[in-house]
Every structure is written in C-alpha cells, then in structure tokens.
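Given next are the chains, with one letter for each unit.
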Amino acid sequence: MNTNAFALRHIGPREDDQKQMLNTIGLDTLDELIYETIPDDIRLKKELNLDEPMTEHEYLLHIHDLSKKNKAYKTYIGLGYHPTILPAVIQRNILENPGWYTAYTPYQAEIAQGRLEALLNFQTMVIDLTGMEIANASLLDESTAAAEAMSLLFAVRERDQKKAGINKFFVSENILPQTLSLLQTRANPIGIELVIGKEEAFDFSEEFFGAILQYPGKDGQITDIKSFISQASNARIKVAVAADFLSLVKLEAPGKFGADVVIGTTQRFGIPMGYGGPHAAYFATKEAYKRDLPGRIIGVTKDANGNRALRMALQTREQHIKRDKATSNICTAQVLLAVMASMYGVYHGPKGLKFIANKIHNKTATLASALEKLGYNQINTSYFDTLQIKTKAKKIKKVATKKKANLFYPDSKTVTISINETTSIRDINYLIAIFAEAAKKETITISEIEQANNISETIQRQSDFLNDVVFNTHHSETELMRYIKSLERKDLALNHSMISLGSCTMKLNAASEMLPLSWFKWGNIHPFAPLKQAKGYLTILKELEDQLTEITGFAATSLQPNSGAQGEFAGLMVIKAYHESRNDHHRNICLIPSSAHGTNPASAVMAGMKVVVTKSTAEGNIDVDDLREKAELHKDNLSALMVTYPSTHGVYESAIKEITKIIHDNGGQVYMDGANMNAQVGLTNPGHIGADVCHLNLHKTFAIPHGGGGPGVGPICVAEQLVPFLPGSPLVKVGGKQAITAISAAPFGSALACLISYGYIKMLGAQGLTESTKIAILNANYIKQRLQGNFDTLYSGERGRAAHEMIVDCRPFKANGIEVTDIAKRLMDYGFHAPTVSFPVAGTLMIEPTESESKAEIDRFCDAMISIKKEIDNVTKEDANNVLKNAPHTLHMITANNWDFPYSREAAAFPLEYVRDNKFWPSVRRVDDAYGDRNLICSCVPIEAYAEA
C-alpha cells in the first residue's frame, strides 16, 4: 500500500472492496463497467496531460514556497476590499472546521438548525445596520448584489412605468468601478439603459425607474443620500444604495431615509481579502419585494410540536418553479463566509463594532490632519475611512511603492487612502512619512489618535442596532467557542456520514487542500494590488486554468464566475458576444431540454435570449427528433443549446455527438452544464463531445467544500472561437482581446477558494482523477444493484448501467400513504442526509455517492434504505401515525415520559444496530414550511412576537 499516494486517501473503496462491489454488479473488472456505461465514441483515447501527482507533504511544501511569491504589502486601496482581523476563535472553529465547511445547503432543515441560526443572525445584522425590513442569507459579492438590485427594481416597476417602457437606470459616477462593469454586463441583455452621472446633477426625470448610489462613494466622500432618496421617491424612482457595511455603524441606515434596496459586502467583518474572494455580500429590501428578493431567505417557523424552528423560506430557489420567468438565476449563497461574518458581529456586539468603527474613523481623521499640515489638499468634506488627496500621484506612488505600501491612484492628480481595522498608530506615521518624503519635508510624528467626527450631521447614525440577546452575550472566547459548538452539533455534515445528493457531488474536502486558506500570504492580498505582488496567486491561477482547459478539452478558461449559475450566464454571454462579432445580432434562441436545472432557463433570459424547450423521451433522454425539428425551425436565429452531460437523469446519452452536430449545422453554439463533470474527468470531456463552452462547479467535481450552501466557484472553459470574449475587469488586465464586461467583482472571482481545486488536481494527477471518475461510477452502480427489488431506478443507459448518480422512484409508495419527503425525514433517524428530493422528477430521490465514500459507508446507507422500504411495506394509507410520517424523532421525544406512538422508542431512534454507535439527533421535529411562509419572520424575533395569519 503506497501510503504517499493522495489517491489512496481520497478514494473510498479499497482494492478488495472494489472486487466485491464488481462481483455484486456481475462484472470482473472496472474497465468492463466503464465500457458498459460510457458510449465508446466519446471515450478519450489518451491519458490527460497533467503533471505527475504530488504527495500531500510535497504539495504543502510546494504551496508554501509559492506563497512566498506573494508580497503582502500594507494595503490602503479600499474599493470594497480591506485588510481585516479574523478572530482566532472563528478561524479555528468555523473556517478550519469540517463540521461547518462540509455541510450542504440547508434544504433538510431538521438537521441544519445550527447553520440556519447563524444565517438568521446574519440577516438580523443586515436588517439592523441597513434599516430595511427583510434581508437574504447572502449573495456572491457586492457587484453581483448591485446588479441583482437593479434587476429587482426593474421587475417591480409600477404598472404604468412598465406599460410606458420606462427603462433608464441612473448610476452615480462614484460607484465602485467593478460594480459599474457588472451593471453594464447585466443591463443591456434585459433592456435596461444605464445613465452614469453626478448625483447633484441628476434631474429626476420620469424616464427613470431606478438609481444606485455608493455610500460612502468610491473616493470616500459621503454624499447627501437623504435628499437624493427623498427627491427620487417624489419622482417615483426607486433607489438602491451600495453601503460599506462597517461604515453603517456610524452612518444612518439608508432604510431610515427611504431606500428601496441596500446592498454591499460583509468582507470587513473579519473575512480575509483572499485576492478577491470568497466574501458574503448582503442584500436587504422592503417586505413588499420579498417575492422578487434574489437568493435564499432564512425564516422562522415551528415544528410538529409547535416549537420554534428555522428553514429556508418562500421557496427561495424559485428557478425550479419560475424557470424562464425567474428574475434571477441566483441559486446559491456564501454561507460559510456569512456565518463567519455573523459570528464577527456576535463576538464584538454593538459596543465592539462601535469601538472598531470609531477607531478607524479617528485614525483617518488623524492622518488627514497630519497631511494637511504637510501642505496636502484633502478634499473629502464628509468621510468615514477614506481620504482623497489632490496631488501629483506619480510622486506619491514612487515613494509608497518603495516603502511597500499600496494606495489607490484613480488618476494622475489624485491619491486615495482607505484606513482599516488593522491600521495602527505606527502605520499612520508610516503613511505620513511617505507623503513627507514625497513633499521633501520633515515628517510629523503622531503619538495620539485624535477624537473626531468628520461625518455630516444629517447622516450620522441615530438608530440602535444589534439589540438582540445573541449579539450581547458571547463576547469572551469561551462563550463564543461554546456557542459555535452548540450550533455545530445541530448540523449533519460530511464529518458524520455520507451525503449522497445527486447533482451535488459531496466528496472529500481533504485537509491538505484546505490548510493554505488560513495562511497569511494567501489571505492578505488585495484583488487590485499590482500584479507583481501576486506572483504566487498568478502562478496558481494560470496553472489551474491550464489544468481545467486540459481536463475539458477546450482552448482556454476564465476563473472569474464565482458560482455555477454565474458560470452559466458567463458562458451564454460569451456565446452572445461571439455571434455579435459576426454580425449575427439576431441569434437569440436558446434550446433547453425540459429536464434541465432551473437556473439554465433563468440564465438564458438574463443573457437576453428566448427559451425554447425541447422534449425528453420516456427513457429520460433528449428527444433528438424534437430537438432537430426545433433547431431547424429556428436555424436563422439559433444562438445556443444548453445541455447537461451525463444527463440530469444520470445517463450517458449515446446521441450526444449527433445532438451537438445538429446545433452546429444550424448555426448555434453548444453550452454544456458542468454539474455532472465528475462523471467525465479523464474518460471523456465536453470538447471531445462537441460542446463549445462549459462551466465547471469547482465546489462539486473539484473538491471545494459546499460550506453549508457556499462558496461556489463556476469557471468557464471555451473552444478556440470563444477565447477572445472571455470576461475582463476594469482594474486588472484579464480576459480575451474582445472581452465582455465583468461577471464578478474580482478579476479572478473567488481566488482564495481556487487553491483547493489546484491542490486537488495537483495531488491526484491524471491517473488519480481518472480513477476517481471510475470509482464514482462503480459506487453508483453498486448502490443501484443493492437497492434493486426495493427501489426501482427510473433511468439507465443502453446497457442498463447508471452514470455517477441515479434516480430511484418513490411514487409507488403513495399507495401506502408515504411520500418521498417521509423517506427523506426518516433517513435522519438512521444518521443520513437525504439524497436530492424530487429533482429532476417529482416523487423521486437522486442518489450520488461520489468516489470518496467507502464500501462500508455505502453499505450502511443501502441498509438504511432497505430497512425504510420494509417500514413502508408495514404501513397503510389509513395509518398516518407511523414511524415514517412522524420522522425525524428527536431526543426530547425519545426521552419524554409519555410515548403515544404505536411503535417502540427503539424502532424510532435505533432502527439498525450501527445507529447506536454514532447517533445523530435532529434538534427539531418536522418543520412546518407553510406556517413559516404565512408568517414570514427573517430576523431574531421570538416566535411569540407574532400570531398566525
């Protein structure tokens, strides 16, 4: 046994286990299984061209050496990114804790109450600081949130505005440059006209439906948003405010002035810059717009006993319902980062946050006074943390660079300096010395920070915030550590048992992949720092791009999209730009199979395309005749086909090459959804199949943890003809020669998280990656065989094999009064998270074990499913008081004095012997979703505070 091989640690089944599993499914070798599973005409004929795999020890030495190439200068660039202090108790107990980072999105609320409470704290914090009525559980980044705000305000225009075609959106010229770029990306395809200008010159014309302001502005000046919002309201123009979250401790909440949406980032709440991400953005609005609020909302409800419980509210992943009628394709959040930011708020509380904000503001004012004494012209009249100096920028830059300090130089006559939480008196003196040297004057030495208030009286904060008990309790490390642990114990994550979610690929997130995320020289690089300071990052990101390009069989890769849905949108926008470069502006038809993930049609509409749905056959495959008919019907306007491979039904469709040829023959491009790439790596690839662009979910196939619902990373890989259009950035040279405008705020998206996938590929190598794909397929087919006779598999390939996942049919159990949800809840009693429920087929479970799960764990899961089938067989429609309908069973139920159920406590809590050894207790009984939606509460309010509607 080669104990140095990372593949040995990543892949679950041992060699002897694999032989037994193959014997169970009636085969002798793994290659026989692959032959029977994957169509021969799409198989790769040669091994991937990747470096030899590193051992874990070698990799950690390698990544440490690369970190030395990053130069962590003192950074005062600002522009939405700031150095922070991450409390060690949060780093140790959340960021570095698999109990938090390996959990899945909290769709199964009963075993996710810890994460849900942390996210409710996040929403409460956002609602309090913004002064708004409702907030979501985070978005991808500030610029994405701004674009979503624009889309929301466009969607909620008044009826007569819609009828009149009012489509102008005012953008303050003081918006962050990366946000402006993303607004430009998102506006044009859906028919919004951006008008950029000075706030004080805006005429509040009835031609506008909305506006967005930066608070404070990109140069640090705080404008009179109160007056602007008042005038806009009188003109029926709705206003979004992009607000620095920490500044809201000192600035009055925009909601108090009548803002319609407030957005921003919580990065300043202890989250490392990480060369641009991941960070949790926030989005808050009025309750009237709750149905248009993008992303996920956590709400308060009650469980079957009437006790307080939490869950995701309002069907917040509504793309599956609305599809091409959805106003947003957002289907994820930045949960891990939102949890960390919320704990920063819990740890510091309102008094601690005031101390930090005052400290930053006072140091900024102290620096301003010193610079003015040196003769510099500081022009911001009202500011929080950023000074704007009118001077010869070149002179300052020369000295600052020599002294290893990063300032921002918006033009040749301006320098801005943004002070942050980490800035000390010594740093202030260092900055003063830089300006003194540039002016050839004696420096001024500061020994005390002056108490100051350089914020206009009309916008100083008067309203209270964070009065709830949770923000006023856990201020010692002991108390916060215990609070975090108490929440962790309520959540089932991969450190407890297999999470077999189809299409979600919950594989091992290896410790060696994760360790570098905490290292200083990876966390403390600003995304707009000079490129020569980020050589370590640039080396890794370039190599990761090359690795993904090789794996997908394409010509180039962009890492910028910071979620799978943004990857979809980016891929379609690149296709759109390609057609337009050929004067094919009219090509706007996007063909999408009926089985597609709901974000596919939502993304297509966002890209300005018209969705045409194609049929599926009874076997779950694309109906090729219907596809051909529709491609030929729309050949003059065909833009793209969106296809998932293997199919969403878990099958390698043998007609895939014919399908891609049909699209190309009719002038379109093929976009492949990479959700199921774990069934392709090393065996086939999108380029070989005939696709033109695909997005990859690095949080699925390439081992970035799901983090309880985020971060995600969704890069796109493209064929040669699409390379010129890869997305750019307004501040860093990235993308193609004819780059589309930005897809995310940072030039490389969530760069810090990309280290994980880089390590995954680096340690597995070509052979390990290919072996992982094969074992994922073996594990799935082993489960299929073990469940045979108890659960029918809906779809199989032509030789009867599943891909890396399968759909099992639970609809026949309706005859016994059992729904698929009952099975999902009962699995909790056995210590398992349910597979994917009712997607893509209602009343089914989609199961994907991944390659990381051992035979022993898979057998435990199969034993649980078979045991549940026996329980189903023993109940009837008339017998609603049964072990499945009452699942999950809590510790409180099992230990109560009264037991009013017709089955034993043992049958409820310990249905199989293995459960006794490692029992996981759901912390609430089955939650009441309908009650919570009728009585929507999204902040820390006790359930007694409202009555059922």
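Rules of the game
Along each chain, residues carry numbers from 1 onward, in the same order as the chain's sequence is written. Only residues with pLDDT of 70 or above have their local features reported here, since the model is predicted, and side-chain atom pairs are shown and tallied only from 80 upward, although totals for entire chains, interfaces and linings are computed over all residues. To obtain the side-chain values, all non-hydrogen atoms of the structure were used and water was disregarded. A pair of strands is labelled paired if DSSP reports no fewer than 2 bridges between them. Strands are runs of DSSP state E lasting at least two residues, helices are runs of H or I lasting at least four, and both sets are numbered from the N terminus onward. In this analysis, two residues are considered to be in contact whenever any of their non-hydrogen atoms come within 4.5 Å of each other. To define axes, lines are fitted to C-alpha atoms, for helices over the stretch in contact only, and angles between the resulting N-to-C directions are given on a 0 to 180 degree scale. Buried residues are those whose accessible area, probed at 1.4 Å on protein chains only, stays under 20% of the maximum for their type, while exposed residues exceed 50% and partly exposed ones sit between those limits. Here a patch means residues that are over 30% exposed by relative accessible area and free of salt bridges, tied together within 9 Å if like-charged and within 5 Å if nonpolar (Val, Leu, Ile, Met, Phe, Trp, Tyr). The method behind every accessible area is Shrake-Rupley, applied with a 1.4 Å probe, and residues are considered shielded solely by the protein chains displayed. The working definition used for a salt bridge is a side-chain nitrogen of Lys or Arg within 4 Å of a carboxyl oxygen of Asp or Glu. Charged residues are defined here as Lys and Arg on the positive side and Asp and Glu on the negative side; His and the ends of the chain fall outside this count. For charged residues, the charge sits on one atom: NZ in Lys, CZ in Arg, CG in Asp, CD in Glu. In this text, buried Ala, Val, Leu, Ile, Met, Phe, Trp, Tyr and Cys residues form a nonpolar core when linked through side-chain atoms within 4.5 Å.

A. Fine view of the sheet that holds strand E26 (residues 844–847). Strand order in the open sheet made by the four strands is E23-E24-E26-E25, with antiparallel pairing throughout. Each end of this open sheet is capped by a strand with a single partner; those strands are strand E23 (792–793) and strand E25 (836–837). Here four bridges tie strand E24 (residues 806–809) to E26, and the two strands are oriented antiparallel to one another. Within E26, the position partnered with Met-806 by the bridge is Ile-847. In the packing of helix H25 (residues 751–787) onto the sheet, contacts are made with E23, E24 and E26, and the angle to E24 comes to roughly 15°.

B. Main features of the environment of Val-261. Within the element layout of this structure, Val-261 appears in strand E7 (residues 261–265). With a relative accessible area of 0%, Val-261 lands in the buried category. Along the sequence, Val-261 and Ala-242 sit 19 residues apart, while their C-alpha atoms lie 8.5 Å from each other. In this structure Val-261 touches Met-132, Ala-149, Leu-152, Leu-153, Val-239, Ala-240, Val-241, Phe-283, Ala-284 and Thr-285, once residues within four positions along its chain are discounted.

C. Looking closely at the sheet that holds strand E22 (residues 716–718). Read across the open sheet, the seven strands follow the order E16-E22-E21-E20-E19-E17-E18; overall the sheet is mixed. The two strands at the open ends of the sheet, each matched to only one other strand, are strand E16 (556–558) and strand E18 (610–614). For this sheet, the mean inter-axis angle between neighbouring strands, taken without regard to orientation, is 25°. Pairing of strand E17 (residues 589–593) with E18 involves five bridges; the strand directions are parallel. Among the inter-strand pairings, Pro-593 is bridged to a residue of E18, identified as Thr-614. The strands touched by helix H21 (residues 599–606) within the sheet are E17, E18, strand E19 (638–644) and strand E20 (669–674), with E17 carrying the most contacts at an inclination of about 175°. Running at roughly 150° to E18, helix H22 (residues 624–633) makes contact with E17, E18 and E19 of the sheet.

D. Broad picture of a positive patch on the surface. Taken together, the side chains of Lys-69, Lys-71, Lys-397, Lys-404, Lys-521, Lys-532 and Lys-535 present a region of like positive charge at the surface. Here Lys-71 is to be found in the loop between helix H4 (56–67) and strand E1 (74–75).

E. Spotlight on the side chain of Glu-653. Within the element layout of this structure, Glu-653 appears in the loop between E19 and helix H23 (656–665). Despite its burial, Glu-653 pairs with no opposite charge; the closest candidate is Arg-628, at 12 Å N-O. Look past the residues within four positions of Glu-653 in its chain and what remains in contact with it is Pro-39, Asn-621, Ile-622, Tyr-645, Ser-647 and Ile-659.

F. Region of interest: the pattern of salt bridges. Within the structure shown, the criterion is met by 44 salt bridges. Notably, a salt bridge pairs Arg-811 with Asp-809, separated by 2.9 Å at the nearest N-O pair. In this structure, the salt-bridge partner of Arg-860 is Glu-857, at a minimum N-O distance of 2.8 Å. One end of the pair, Arg-860, and the other, Glu-857, are both in helix H27 (residues 855–873), three residues apart, so they sit about a helical turn from each other. For Arg-860, a relative accessible area of 32% corresponds to the partly exposed category. Looking at Glu-857, the relative accessible area reads 9%, which means it is buried.

G. Layout of the nonpolar core. In terms of nonpolar packing, the biggest core is built from 246 residues, with Tyr-215, Met-343, Ile-417, Phe-435 and Tyr-537 touching the most fellow members. Not counting residues within four places of it along the chain, the set of residues in contact with Phe-435 comprises Leu-371, Leu-374, Tyr-376, Ile-389, Ile-396, Leu-407, Val-415 and Ile-417. The next biggest cluster of nonpolar side chains, apart from the first, holds 36 residues, and it includes Val-156, Val-171, Leu-180 and Ala-313.

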